[in-house]
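# Understanding the architecture of this molecule
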Amino acid sequence: MADEILSTIDYKPPRRRWLDTPVEFRRGTWCYGAKAKSLEAVGLPNPREWSPDQEDWKLPPNWREILLEGLRERLERFRSLRLFMDTCVRCGACADKCHYYIGSGDPKNMPVLRAELLRAVYRKNFTLAGRIMGEFVGARELTQDVLKEWFYYFFQCSECRRCSVFCPFGIDTAELTMIARELLNLVGCNIDWIAGPVANCYRTGNHLGLEPHAFKDMVDFCVDELEEVTGVRVEPTFNRKGAEVLFIAPSGDVFADPGMYTFMGYLLVFHEVGLDYTLSTYASEGGNFGLFTSHEMMKRLNAKMYAEAERLGVKWILGGECGHMWRVVHQYMDTMNGPADFLEEPVSPVTGTKFDHAKSTKMVHIAEFTADLIRHGKLKLDPGRNDHLRVTFHDSCNPARAMGLLEEPRYIIRSVCRHFHEMPENTIREQTFCCGSGAGLNADENMEIRLRGGFPRANAVRYVREKYGVNALACLCAIDRAVLPPLMEYWVPGVDVYGVHELVGNALVLKGEKERTTDLRGEPLDRTDDDEDL
Amino acid sequence: MGIRVSLFAVLALILVAYVGVALLGLELLFGVIMPYAAMAAFLAGLVYHVIKWARSPVPFRIPTTCGQQRALPWIKASEVDNPSTAVSAAARVALEALLFRSLLRNTKAELADGSLAYRWEKWLWLGGLLFHWSLLVIVLRHLRFFTEPVPGFVNLLRDLDGFLHVNLQVLYITDIVILLAVTYLFLRRVVIPQVRYISLPGDYFPLFLILSIALSGILMAHFIRVDVVAVKELAMGLVTFSPTVPEGIGAIFYIHLFLVSVLLAYFPSSKLIHMVGIFLSPTRNLPNDSRRRRHVNPWNYPVDVHTYEEYEDEFREKMKKADIPVERY
Ligand code: HEM
Ligand code: SF4
Ligand code: SF4
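Residues numbered from 1 in each chain as written. Chains lettered and ligands numbered in written order. Predicted model: local features only at pLDDT ≥ 70, side-chain atom pairs only at ≥ 80, totals over all residues. Heavy atoms only, no water.

## A word on the domain arrangement of chain A
All names here are of chain A. This is how the line gets drawn: Where each domain starts and ends comes from a domain assignment, either automatic or drawn from a database. Two residues form a contact once any of their heavy atoms are found within 4.5 Å. Simply put, the buried area is the total loss of 1.4 Å probe accessible area from both parts when two parts are fitted together. The salt bridge criterion pairs a side-chain nitrogen of Lys or Arg with a carboxyl oxygen of Asp or Glu, the two atoms within 4 Å. What qualifies as a polar contact is a pair of N or O atoms within 3.5 Å, subject to a donor-acceptor requirement within protein and to the restriction that residues adjacent in sequence count only when both atoms come from side chains. Under the DSSP-based scheme used, a helix requires at least four consecutive residues in state H or I and a strand at least two consecutive residues in state E, with every element numbered from the N terminus. Note on residue categories: nonpolar means Ala, Val, Leu, Ile, Met, Phe, Trp, Tyr, Cys or Pro, charged means Asp, Glu, Lys or Arg, and polar means any other residue, Gly included.
Assigned domains of chain A: these are domain 1 (21–190) and domain 2 (199–507). Relative placement of domain 1 and domain 2: their C-alpha centres are 30 Å apart. Taken together, the contact between domain 1 and domain 2 spans 35 residues of the former and 37 residues of the latter. Buried surface at the junction of domain 1 and domain 2, summed over both partners, amounts to about 3000 Å²; 59% is from carbon and sulfur atoms. Summed over the shared surface of domain 1 and domain 2, the result is one salt bridge. The salt bridge partner of Glu448 is Arg26, with a shortest N-O separation of 3.4 Å. The tally of links between domain 1 and domain 2 comes to 15 residue pairs in polar contact (both at pLDDT 80 or more). Residue assignment for the side of domain 1 that touches domain 2 shows that the elements contributing at least two residues are helix H2 (36–41), helix H5 (99–104), helix H9 (162–166) and helix H10 (173–186). By residue class, the composition of the side of domain 1 that touches domain 2 is 16 nonpolar, ten polar and nine charged.

## Concerning the coordination of the iron atom of ligand 1
Residue and element names in this part refer to chain B. For clarity, the cut-off: Water is absent from the atoms considered, so a metal site may look incomplete; donors are defined as N, O and S atoms within 2.8 Å of the metal, or 3.2 Å for Na, K and Ca. Under this scheme a four-donor centre is tetrahedral when all angles range from 85 to 135 degrees, a four-donor centre is square planar and a six-donor centre octahedral when opposite donors are above 155 degrees with the rest from 65 to 115, and any other centre is irregular. The classification of residues rests on relative accessible area computed with a 1.4 Å probe and restricted to protein chains. Under 20% of the type maximum is buried, over 50% is exposed, and intermediate values are partly exposed.
Bound to the iron atom of ligand 1 on the protein side are His132 (NE2) and His274 (NE2), at distances that span 1.9 to 2.0 Å. The site at the iron atom of ligand 1 holds six donor atoms, and with the angles between them running 84 to 179°, its shape is octahedral. Placement of the pair is His132 in helix H4 (residues 123–141) and His274 in helix H12 (residues 274–280), with a sequence separation of 142 residues. Exposure remark for His132: the relative accessible area of 31% places this residue in the partly exposed category. His274 gets classed as buried once you look at its relative accessible area, which sits at 14%.

## Describing the site of ligand 3
Note the cut-off: Near residues are defined by distance, with any heavy atom within 4 Å of the molecule or strand qualifying the residue.
Taken together, 13 residues lie around ligand 3, and Cys98, Cys157, Cys160, Arg161 and Cys163 of chain A are the ones closest in. Partitioned by chemical class, the residues of the shell around ligand 3 number seven nonpolar, three polar and three charged.

## As for the site of ligand 2
Around ligand 2, the neighbouring residues are Cys88, Val89, Arg90, Cys91, Gly92, Ala93, Cys94, Val112, Cys167, Pro168, Phe169 and Ile171 of chain A. Looking at side-chain class alone, the shell around ligand 2 contains ten nonpolar, one polar and one charged residues.

## Topic: the packing of aromatic side chains
Put simply, the rule reads: Pairs were defined over the aromatic rings of Phe, Tyr and Trp, the Trp ring being its six-membered one, requiring ring centres within 6.5 Å. Orientation was assigned from the angle between planes: stacked under 30 degrees, edge-to-face over 60, tilted for the rest. Note on geometry: a ring has a charge over it if NZ (lysine) or CZ (arginine) is within 6 Å of the ring centre and within 35 degrees of the ring normal.
In total, this model carries 42 aromatic pairs over all chains according to the counting rule given. Between Phe30 of chain B and Phe258 of chain B, the aromatic rings sit 5.1 Å apart at their centres with planes inclined by 80°, giving edge-to-face as the arrangement. Residue Phe30 of chain B is found in helix H2 (residues 27–55), and its partner Phe258 of chain B is found in helix H11 (residues 251–266); the two are separated by 228 residues along the sequence. Owing to a relative accessible area of 3%, Phe30 of chain B belongs among the buried residues under this scheme. Residue class for Phe258 of chain B comes out buried when judged on its relative accessible area of 7%. Members of the aromatic cluster, connected to one another through ring pairs, are Phe25, Trp30, Tyr32, Trp50, Trp57, Phe151, Tyr152, Tyr153 and Phe155 of chain A. The cationic tip of Lys97 of chain A hangs over the ring face of Phe166 of chain A; the distance from NZ or CZ to the ring centre is 5.3 Å.

## Thoughts on the interface of chain B and chain A
For interface size, the figure often reported is the accessible area lost on association. With 91 residues of chain B in contact, the opposing surface of chain A contributes 114 residues. A combined buried area of about 8800 Å² lies between chain B and chain A, and 59% of that area is made up of carbon and sulfur atoms. It is Trp74, Tyr197 and Arg291 of chain B in chain B that bury the most area against chain A; as a group they hold 11% of the surface buried on that side. In this structure, Lys318 of chain B and Glu211 of chain A form a salt bridge, with 2.6 Å as the shortest nitrogen-oxygen distance. There are 78 residue pairs in polar contact (both at pLDDT 80 or more) connecting chain B and chain A.

Below you can see the structure in the form of structure tokens.
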């Protein structure tokens, strides 16, 4: 089956110049357009019913002026944009670093050409050479065809930043994609898989649109399940004033299989160390699809975190396992919605560790929190309870390339598992490959491009599966947990996807727990006595 | 298309200089006016770009982290690839500019038998580095024309670079290296299908231009000898703003000088501006300390949010039923 895709990958570029090759909307590669009601819910422009594969996109009559004015404004606001427009030397080092290019062979999926789509319009309208010499210097008019090309390729970039690791000038195509999507949103050209969750999140506090009671129900369900497996009843609280810590996880962890098991892992750790924490139904989403819409939308959705922390009077915020959530929290939140003067510098109440590195933003990653607990011997762990799993670890793009959270999860995994095998060097840590579905591209209708984009990641998993018999792909991201299972099923059957804290939950020996016979999923344990991998 | 047009453009430039000097006797134009105009365009262009860039703020702290963060004290941080201070970030940029560190990560992805492999591919790094360093050394060596007395380091550089002698003539290593490196950079652009596909005329033109400058220089040094004393007189005249046009410098020199003038004038409005850009790149020159120290965005503006009050107003009854605390009953 995998041959269907592999046999169509051809890295030889077509004869026709890219400037003359119009985009073709082939099923399986693009996402449905934003519905009117999704845009209306948050007051975004040009709500209407439309479809990207139709001729007429129902753009406002002055769409061109809107976009060019928007570009001008952003050139004045973002030095990154200005620089990245001017400095690329087209050396091509980034070309085969993008998973979408590797998996599709479509030349416009080379980061450099993706960026040139924007750059060509920039040159035409904002540089003297471009105005005079036109195509000769790679400049071109902004036409509807170009707009469609933007839509197609900027919603085929998962903002993973892998290209920027390799670029000698640090040109970050993800930054350009963010800005291009922001422009597209000015004329109502978002995808519904992003616009829908944004609308939900704005009103109900989470992408899935879970209302407060439903959110609580899902958590209660996890609590019941946990009691069944461990015999211990954990007692999370909701919207509780005066708690020491506000805990915010991606809502996918509360709702979806297998993310749920990761959520159970969080609950067990908090229970075991007696953390005084509360969940919030209002700030019930760690993720932020606003990041995939515009800087402004990112800020509007993110505002809930600090607002809720202030209302509840907590001391600091703890954040769950999620990739793009941490891009926002680490690189944007404090700047956008801070300073969070009403919070205190985070200190672990269990170990006394001061999280000095988070003293301004006042939000700590759960991997940092748990690694610190383990380091101080505060968790009793029985890694043998993960012996049925031969684990490898997928670094999510954002924690790796927008933060550098590399060793914390590895330290945790090594403490709770006895069989851990790294994927090849070029595919992990800062060079990690995207799941293929990030930045809001985890819809169903674009499954083909997701499988293509996920191929480099899957290929590396297959390598460790064949070499070490790996059957568990651990990750630190709710989107990963949602999208890696179908990816594995397609490319590497027999590999299941786990959150890091699910593995912790399996190994964690609770006070007063009953003898465990299964892991959190209800799979039987299989303790091996040989310690070959210790 | 781009290749041919760029090549013809450079040949035309050579012809212009030759005709201008050898047939029309426009030494003053090519020896004085053009170089001054080009230098003015170069400086003005650089300043314009830098001001333009500097006027756009850096609203967010967006370094691309390429190593372990500094967080828990017992986990060793990777200070250069994930700098936690401005000093480390400066070191990171210095390594980029001096050694092309990011380019050194380069690999080549290959698909064979349904499997991906990442092959060793440091040629671009090597070719690029050799090209740029040779260029720098050559530019510095040229200072001997523009200074009197010639500073010690320029002479030292000349001696080091020129330790090879062929037929009693100095043969500069960097001359050879730059020819090879630029030829390599050109060939890879033509031979690697992807790179060829993304290349614009503006990518070939500077390569041809630099190659022609180097070739005309080498011709002058070894084959069509020019009067070096006269050249120095002209050069000193230029830098001391008392320009003279000495008699008897060959046309080849004016071709060389004209091509350099064109390169200077062309520089700011082309991709060559990367020389400045590399130092300003916000994914490289900022420390990754955004949770430790608040980064301020000068244009941060208030936005519409969905407040808790609005939220509770909508869901109050449901919350009460589910025993979730509310503010107002
Ligand atoms: C601080 C100074 C500079 C730095 C750090 C720098 C860095 C780089 C890097 C990393 C590349 C990409 C790799 C490569 O193709 O070699 C590059 C390309 C290039 N640079 Fe520079 N550069 C500098 C100054 C200059 C100057 C002064 C010139 C010429 C006047 C120049 C001409 C070029 C050209 C023509 C290319 C493209 C080569 C190609 O076609 O592939 N650079 N530079
Ligand atoms: S690696 Fe950087 S400079 Fe080279 S083509 Fe890509 S974006 Fe341009
Ligand atoms: S950010 Fe990621 S998906 Fe986007 S162009 Fe770069 S490598 Fe490709």
